[in-house]
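# Inside the fold
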Amino acid sequence: MEWNIAFMGAVGSGKTTAIATVSDIDCLDTEVAYYEGGPQSKPTTTVALDMGVLELGQGDRLRLQGAPGQQRFDYMWEILLLQAQAVVVLVHAGPQAQAELDFYLGQVHQLMAAQGRSVPIVVGVTHVQNRAVDLHLDSAAACPCHQCRPPILPVDARERASVVQLLQVVTALLEVSVRQPEPALHRWLGQAGAGVVMQ
Ligand SMILES: Nc1nc2c(ncn2[C@@H]2O[C@H](COP(=O)(O)OP(=O)(O)O)[C@@H](O)[C@H]2O)c(=O)[nH]1
Ligand SMILES: [Mg+2]
């Protein structure tokens with residue numbers, strides 16, 4: 001069985017790094033130098049996608065697909081989300097984190113709704129080392145139903161164990177969504193307005 005996991009998030013949030021850190025194959029990446037401008041911390045940017053594979057054993061694998069962070073490449077977001085069975089949203093810790101989270105979660109919910117689908121989402125907060133970081137981010141506001149509350153975990157995209165831990169949460173949610181197909185559950189929760197937190 002193969003599962004496509006889409007990595008979304010702003011430029012510099014760690015998508016390319018996270019995929020390269022855990023991939024069992026040499027990653028395909030599409031890094032190019034900025035034409036102009038760009039953050040000082042980062043000389044290149046992803047223009048199409050990152051692609052890695054995490055082998056789960058017995059022929060099962062996660063295909064890890066990183067989206068470009070820049071909004072001008074948002075046509076790639078739609079293509080990757082069309083194929084995704086789950087989504088990881090990476091957010092760079094800091095004062096802009098909630099706005100980034102709202103924006104990218106909002107995009108995921110919107111594009112999934114347009115496809116009539118809903119998939120498990122996990123949020124990873126990167127760049128949290130050696131800092132007292134407030135992880136009290138709210139992942140519920142971005143979905144119109146206000147019931148979806150994707151789990152939020154700190155992650156170091158440079159450390160294999162940390163990214164694997166994040167992906168274990170993703171696969172656990174995938175297993176649940178196979179047994180209880182999430183679009184149906186999502187619709188039911190939205191209609192019922194039940195006070196149930198769906199993760
Ligand atoms: N300290 C720290 N640096 C990170 C982390 N994740 C990524 N980086 C660094 O941040 C920079 C941008 O990461 P990159 O993967 O290119 O971000 P992308 O634009 O989302 O693909 C790189 O120099 C990474 O080494 C993290 O969790 N902690
Ligand atoms: Mg990248």
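Summary of the structure given here. Everything numeric in this text was worked out from a predicted model, so none of it was measured.

## Describing the site of ligand 1
In the vicinity of ligand 1 there are 16 residues, among which Gly 12, Gly 14, Lys 15, Thr 16 and Thr 17 approach most closely. Measuring from an oxygen atom of ligand 1, one finds a side-chain N or O atom of Lys 15 at 2.7 Å. Within the side chain of Thr 17, one N or O atom sits 2.5 Å away from an oxygen atom of ligand 1. For ligand 1, whose unbound accessible area comes to 580 Å², protein coverage reaches 79%. It is helix H1 (residues 15-22) that provides the largest number of residues to the shell around ligand 1, a total of 3 residues.

## Quick notes on the sheet that holds strand E1 (residues 2-9)
Here we have 6 strands laid out as an open sheet, ordered E4-E5-E1-E6-E7-E8, and mixed in their pairing. Two strands lie at the open edges of the sheet, namely strand E4 (50-57) and strand E8 (152-154), each paired on one side alone. Here the average twist between neighbouring strands, direction ignored, is 25°. When E1 meets strand E6 (residues 86-92), the two strands line up parallel, connected through 5 bridges. Paired with Ile 5 across the bridge in E6 is Ala 86. Against the sheet, H1 contacts E1, E4, strand E5 (60-66) and E6, and its axis sits at roughly 35° relative to E4. Contacting E1, E5 and E6, helix H2 (residues 74-83) crosses the sheet at an angle of about 150° to E1.

## Observations concerning unusual backbone geometry
Within the chain, Gln 58 stands out as a residue other than glycine whose phi angle is a positive 55°. Summarising the element assignment, Gln 58 is placed in the loop between E4 and E5. Even without glycine at this site, His 127 takes up a positive phi of about 60°. In this structure, His 127 sits in the loop between strand E7 (121-126) and E8.

## Examining the side chain of Ser 23
On the secondary structure map, Ser 23 appears in the loop between H1 and strand E2 (31-33). Taking relative accessible area as the criterion, Ser 23 reaches 13% and is therefore assigned buried. A distance of 3.0 Å separates a polar side-chain atom of Ser 23 from the backbone nitrogen of Val 53. Filtering out sequence-adjacent residues up to four positions away, Ser 23 remains in contact with Gly 52 and Val 53.

## A few points about the pairing of E5
Strand direction decides the pairing type here: E1 and E5, joined by 6 bridges, are parallel. Across the sheet, Glu 2 pairs through a bridge with Arg 61, a residue of E5. Taken together, the 7 bridges between E4 and E5 define a ladder with antiparallel strand orientation. Note that in E5 the partner of Glu 55 across the bridge is Arg 61.

## Some details on the packing of H2 against helix H3 (residues 97-114)
Viewed as axis vectors pointing N to C, H2 and H3 meet at an angle of 60°, and their least axial separation amounts to 10 Å. Judged by the angle between their axes, H2 and H3 are oblique. Once H2 is placed against H3, the crossing between them reads as right-handed. In this structure, H2 contributes Trp 77, Glu 78 and Leu 81 to the contact, and H3 contributes Phe 103, Tyr 104, Gln 107, Val 108, Leu 111 and Met 112.

## Side note on H3
Spanning 18 residues, H3 covers 26 Å between terminal C-alpha atoms, matching the ideal 26 Å at 1.5 Å per step. Buried residues of H3: Ala 97, Glu 100, Leu 101, Tyr 104, Leu 105, Gly 106, Gln 107, Val 108, His 109, Leu 111 and Met 112, and no others. One or two positions beyond H3, positive phi appears at Gly 116, with a value near 70°.

Rules used in this analysis
- Residues numbered from 1 in each chain as written.
- Chains lettered and ligands numbered in written order.
- Predicted model: local features only at pLDDT ≥ 70, side-chain atom pairs only at ≥ 80, totals over all residues.
- Heavy atoms only, no water.
- Near = heavy atom within 4 Å.
- Polar contact = N/O pair within 3.5 Å; in protein donor to acceptor, adjacent residues only side chain to side chain.
- Areas by Shrake-Rupley, 256 points an atom, 1.4 Å probe, with all protein chains shown as cover.
- Helix = DSSP H or I, 4+ residues; strand = E, 2+ residues; numbered from the N terminus.
- Pairing = 2+ DSSP bridges.
- Axes fitted to C-alpha atoms, helices over the stretch in contact; angles between N-to-C directions.
- Contact = heavy atoms within 4.5 Å.
- Buried < 20%, exposed > 50% of the residue type's maximum accessible area, 1.4 Å probe, protein only.
- Parallel < 35°, antiparallel > 145°, perpendicular 65-115°, else oblique.
- Left-handed = near helix turned anticlockwise from the far one by under 90°.
- Expected span 1.5 Å × (residues − 1).

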